[in-house]
Amino acid sequence: MSRHTQGPLTSTARLAGLSGIAIAAALVCGCSGSNDPAATNGSSEGTGRVGAASGSGKLNIVTTTAMVTDIVTAVAGDRGVVTGLITGNQDPHMFTAGSNDVKKMIGADAVFYTGLMLEGRMADDFARVGRKGNPVFPVTEGLDREKLREPPEFEGHWDPHVWMDVELWSECVAHVAKELGALDAASSDDYVARADEFRKQLTELDGYIKKVIATIPKEQRFLVTAHDAFGYFAQAYGIEVKAIQGISTDSQAAIADINSLVDFIVENKVPAIFVESSVSQKNIEAVIEGCGSRGWTLKIGAELYSDAMGKTGSYEGTYIGMMDHNATKITRSLGGEAPEKGWQGKLSSSEKD
Ligand SMILES: [Zn+2]
């Protein structure tokens, strides 16, 4: 459709084009970054950059969010050292790269980010790093634009939260393998093999999520949440999202918003809502009380992972664990059936309960 050639695609295409040029330059001259004071002289093999910055013979790769770091690490395996810039609970939409972050990107053999304007405040940095001759890749670059959401609340931009659909994220994994293979041809078969192995697990995870969400009674299959990140989850797994970030800060308007939310919850007998700190505790209490006064007990569901994963080193600190947590907690809170400890029996009971 023609609208898919406008707006955000332009900027994505621009960056994609830059990274394409960067690869082409690296392949043609067998070197790169000769004008780049941050780069040291690499070996004469391959692109000449591989492992140059780390001195380890491994690819020195810089990534943005934990979800991107997770898939790039899985595909790179022992061929790469991966450094994520956006860690902990940092918000990728608001993240601004510091001079150290930019230095890391300039010194890297490759940079991977989500794209679709998720890391919107880093766009100039990616372009700058690309101009230095470094390959800069949006992992979502290869996705069929027809599969992307373009909801009105994103104001003409694609919804960038594609990791919420495991199948779409799995396609990004394949794209990472393709780009790493182009950079480091000697190991390209290894990248593909690791990506295939990882994607097999993702297919199983996708099946688990579909299966458990389908056990939620159909009339209660509503995800009432303050996150705007769950559009792809809803689309892929057959659950409808009802956003509650709309509760006004104006007290008169807030009462109307709360009343209409209470109506919705009571009418649909939604057992639980999923909130985060951005919605005021006072408003949430008002919603619970409103439901209570109409004889409906509303629970607060577990905290969900949206734009960041759990603690590094924990199961929830992996992409698979994060999605397992979300699907399992949503299902159990809404009256469906899922194992308490999730798909692989690995969910911790303490984390975000
Ligand atoms: Zn987000």
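Residues numbered from 1 in each chain as written. Predicted model: local features only at pLDDT ≥ 70, side-chain atom pairs only at ≥ 80, totals over all residues. Heavy atoms only, no water.

Caption draft 1: Local environment of the overall build of the chain. Within the chain one finds 10 helices and eight strands. Counting every position in the chain, which comprises 353 residues, the buried fraction comes to 52%. Across the chain, the fraction of contacts at a sequence separation of at least 24, relative to all contacts at a separation of at least 6, is 67%. When the accessible surface of the chain is split by element, carbon and sulfur atoms take 51% of a total near 15,600 Å². (Helix = DSSP H or I, 4+ residues; strand = E, 2+ residues; numbered from the N terminus. Buried < 20%, exposed > 50% of the residue type's maximum accessible area, 1.4 Å probe, protein only. Contact = heavy atoms within 4.5 Å. Areas by Shrake-Rupley, 256 points an atom, 1.4 Å probe, with all protein chains shown as cover.)

Caption draft 2: Molecular detail of the packing of helix 8 (residues 251-268) against helix 9 (residues 281-293). Between helix 8 and helix 9, the shortest axis-to-axis distance is 9 Å and the interhelical angle comes to 45°. In terms of axis orientation, helix 8 runs oblique to helix 9. Handedness of the crossing formed by helix 8 with helix 9: right-handed. Contact with helix 8, carried on its side by I258, L261, V262, I265 and V266, involves N283, A286, V287, G290 and C291 of helix 9 and no other residues of that element. The residue inventory of the contact of helix 8 with helix 9, partitioned by class, reads eight nonpolar, two polar and no charged. (Axes fitted to C-alpha atoms, helices over the stretch in contact; angles between N-to-C directions. Parallel < 35°, antiparallel > 145°, perpendicular 65-115°, else oblique. Left-handed = near helix turned anticlockwise from the far one by under 90°. Nonpolar A, V, L, I, M, F, W, Y, C, P; charged D, E, K, R; others polar.)

Caption draft 3: Main features of the sheet that holds strand 1 (residues 59-63). Judged by pairing direction, the sheet is parallel, and its four strands sit side by side in the order 2-1-3-4 without closing on themselves. Each end of this open sheet is capped by a strand with a single partner; those strands are strand 2 (80-84) and strand 4 (136-138). Averaged over all pairs of adjacent strands, the angle between strand axes in this sheet comes to 25°, irrespective of strand direction. Judged from the three bridges that link them, strand 1 and strand 3 (residues 110-113) form a sheet pairing that is parallel. Looking at strand 3, one finds that T63 is bridged to F112. Against the sheet, helix 2 (residues 66-76) touches strand 1, strand 2 and strand 3, its axis set at about 175° to strand 2. (Pairing = 2+ DSSP bridges.)

Caption draft 4: Here's a closer look at the coordination of the zinc ion. H93 (NE2), H161 (NE2), D307 (OD) and D307 (OD) make up the full set of protein donors to the zinc ion, lying at 1.9 to 2.8 Å. Here the zinc ion is ringed by four donor atoms whose angles at the metal span 52 to 136°, and the overall shape comes out irregular. Between the donor residues of the zinc ion, the gaps in sequence give the motif H-x67-H-x145-D. Remark: D307 occurs in the loop between strand 8 (299-300) and helix 10 (319-333) and H93 occurs in the loop between strand 2 and helix 3 (99-107); sequence separation between them is 214 residues. A relative accessible area of 24% means that H93 is categorised as partly exposed. (Donors = N, O, S within 2.8 Å, 3.2 Å for Na, K, Ca; no water. Tetrahedral: all angles 85-135°; square planar, octahedral: opposite > 155°, others 65-115°.)

Caption draft 5: Inspection of the packing of aromatic side chains at higher detail. Going through the model one piece at a time under the given rule, you end up with eight aromatic pairs. Ring geometry for F222 against F264: centres 4.9 Å apart, planes inclined by 80°, an arrangement best described as edge-to-face. With F222 in strand 5 (residues 222-225) and F264 in helix 8, the pair connects residues that are 42 residues apart, well separated along the chain. For F222, a relative accessible area of 11% puts it in the buried group. (Phe/Tyr/Trp six-rings, centres within 6.5 Å; stacked < 30°, edge-to-face > 60°.)

Caption draft 6: Broad picture of the environment of R121. Residue placement: R121 occurs in the loop between strand 3 and helix 4 (123-131). Exposure remark for R121: the relative accessible area of 47% places this residue in the partly exposed category. For the pair R121 and H93, spaced 28 residues apart in sequence, the C-alpha separation works out to 7.1 Å. Look past the residues within four positions of R121 in its chain and what remains in contact with it is H93, M94, F95 and T96.

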